[in-house]
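Per-entry structural report
What follows is each chain in one-letter form.
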Amino acid sequence: MAKKFYVTTPIYYPNDIPHIGHAYTTIAADILARWHKIKGDEVFFLTGTDDHGKKIAQAAEKAGKTPKRFTDDLIPKFKNAWKKLNIEYDRFIRTTDKDHEKIVSEVLQKVYDKGDIYKGVYEGFYCTGCEAYYTEKDLVDGKCPVHKTKAEKLKEESYFFKLSKYQKPLLKFYKENPDFISPKKRKQEIINRVKEGLRDLSISRANFDWGIPLPFDKKHVCYVWFDALFNYYSATRQKGKEKFWPADVHLIGKDISWFHCVYWPAFLISAGIKCPEKVFSHGWWTFDKEKISKSRGRVINVDELISIAGVDSARYFLLRATPFGDDGDFSKEALIKRHNGELANKLGNLILRVSALIEKNRIEKTENKLLRKLKVKQITEFIDNYQFDKALSDIFSFIDVCNEYVQNKKLWETKDKKVLFELKESILKIADLLWPFIPESSEKIKKQFSAKKIKKGEILFKKIKWKP
RNA sequence: AGCGAGGUGGAGCAGUCUGGAGUGCUCGUCGGGCCCAUAACCCGGAGGUCGCGUGGUUCAAAUCCCGCCCUCGCUACCA
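Conventions we followed
- Residues numbered from 1 in each chain as written.
- Chains lettered and ligands numbered in written order.
- Predicted model: local features only at pLDDT ≥ 70, side-chain atom pairs only at ≥ 80, totals over all residues.
- Heavy atoms only, no water.
- Helix = DSSP H or I, 4+ residues; strand = E, 2+ residues; numbered from the N terminus.
- Buried < 20%, exposed > 50% of the residue type's maximum accessible area, 1.4 Å probe, protein only.
- Contact = heavy atoms within 4.5 Å.
- Areas by Shrake-Rupley, 256 points an atom, 1.4 Å probe, with all protein chains shown as cover.
- Lys, Arg positive; Asp, Glu negative; His and termini not counted.
- Charge placed at Lys NZ, Arg CZ, Asp CG, Glu CD.
- Phe/Tyr/Trp six-rings, centres within 6.5 Å; stacked < 30°, edge-to-face > 60°.
- Core = buried A, V, L, I, M, F, W, Y, C linked by side-chain atoms within 4.5 Å.
- Domains from an automatic or database assignment.

A look at the overall build of chain A
For chain A, the count of helices and strands is 17 helices and 16 strands. Counting across all 468 residues of chain A, residues that qualify as buried make up 53%. Across chain A, contacts joining residues at least 24 apart in sequence account for 77% of those joining residues at least 6 apart. Accessible surface computed for chain A: about 22700 Å², of which carbon and sulfur atoms make up 49%. Charge-centre separation for chain A: the mean point of 89 positive side chains lies 4 Å from the mean point of 64 negative side chains.

Right, here's the structure in full:
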């Protein structure tokens, strides 16, 4: 029987422009999904948007639209970005989807009945200019960081989730599931903070209505995290999808690891639902060594990312340049260097020279000794352990071996049919392994090299001229 | 301040968990080869006291332990 594999990205905030950060998580999820498809697993890959919340309601009002209409208009931006990046997700969920709203409502009731939700008072510092609450530490000398006006301390009725009650169950859960928080370096960070104690969490608001109403008090709507996190679960309550829960991995940016590693399992334990297998937090990209900042224009959006060297090169670069989980630096120069040096000079060149030689000569079936030098087992292990950079490094080492092989065997003189066969088969294997990373190019290579008559093809990766 | 991560030839990394000659990779640089191929490919060289203490453990430390310096990240209702 086929194994199941369920991978998710966070649900993104629809008012954003899809940028390198969104793309990174989503590409990684796509790679994992494709990888498991190759292995023959039954795969479910979920992404989507978080449509609720006060900020959206306000932005919609400004635009003169209903919140629903406003978000409807924003969704294509994300769907198009994923299409351009060759992301093959199975479902695009929105927190406004009816099935999701129904599940959240049911779970809220369940957790309420259990006694884990109580009515309390939320205190915060309110800035009229922002029409938003700040925590004390956000304020600068008691003033709003944006408007520099004095923030008012306000109290508001709110429902709270008894997070404090789950400190011990969470610590127990982490102990019993040592790989739940990944990579390792995030684990101790989270555990130490949980050990310091947990405060109950406000999960409702009564001063706006763009959200899911609490089933036991319709004056309140569910506040962001409770609503948003459950998307991962509600997507599996559809007919035929039940078997996918619990998720095999939630891919997230390290900024939201606290919510996924603490709130999320606490909610699930309370609701009596199984917890996901793993939450993997990847690192952040800086841009030319500077922190990405929207206000200073230091952000790479998806269109820019693709325009530099194409989709496959962008996908390749993001996963090759930095260990998944560490921070990385993005620059146009670094991307072009990888594109030229690795995809064009090594892989592209190999494809071209071998296809040209085969076109002019013939191949003859033989035992493939060359292929033994490809460390398939090692590469498999790397990908299964989210070490994409190392997997790619090993695949490209084998490409080097192939280029050496052509050279050492002086193929253009000997025209050895058996050696050409070995190369052909090896290239097909390389294409298979690279498919999750660079699907478009991989499919072209496979088509070219499995044809009856192999011909010298188009250049796959054109070199890009670059002057720093 | 607390917690976490990192400091390896000119640049970027791997190697550290499970100690074994400073090993490896990419870029750059110098020299050679080849001409099938995208001025691509292949071979070889130069270049590092592996942040510091000339600290501890050990036959042996980039790797384990201690101290210090520097850089970066996280510190909760903010998606």
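Some points on the packing of aromatic side chains
Scanning all chains against the criterion turns up 37 aromatic pairs. Look at F226 and F230: their rings are 5.1 Å apart centre to centre, the planes differ by 35°, and that puts the pair in the tilted class. For the pair F226 and F230, a shared accessibility class is recorded, and that class is buried. Their ring planes at 50° and their centres at 5.2 Å tell us that Y316 and F396 sit as a pair that is tilted. Highlighted residues: Y316 in helix α11 (residues 311-320) and F396 in helix α14 (residues 388-408), separated in sequence by 80 residues.

A few points about the nonpolar core
If you look at the biggest cluster of nonpolar residues, it comprises 83 residues, and the most contacted ones within it are L251, L318, L319, F330 and L347. Inspection of this core shows a minimum of three residues originating in each of domain 1 (4-282) and domain 2 (331-450). Beyond its immediate chain neighbours, meaning those up to four positions away, L347 contacts E342, F396, I399, I430, L434, I438 and F461. V107, F226, C261 and I273 belong to the second-largest nonpolar core, a separate cluster that totals 54 residues.

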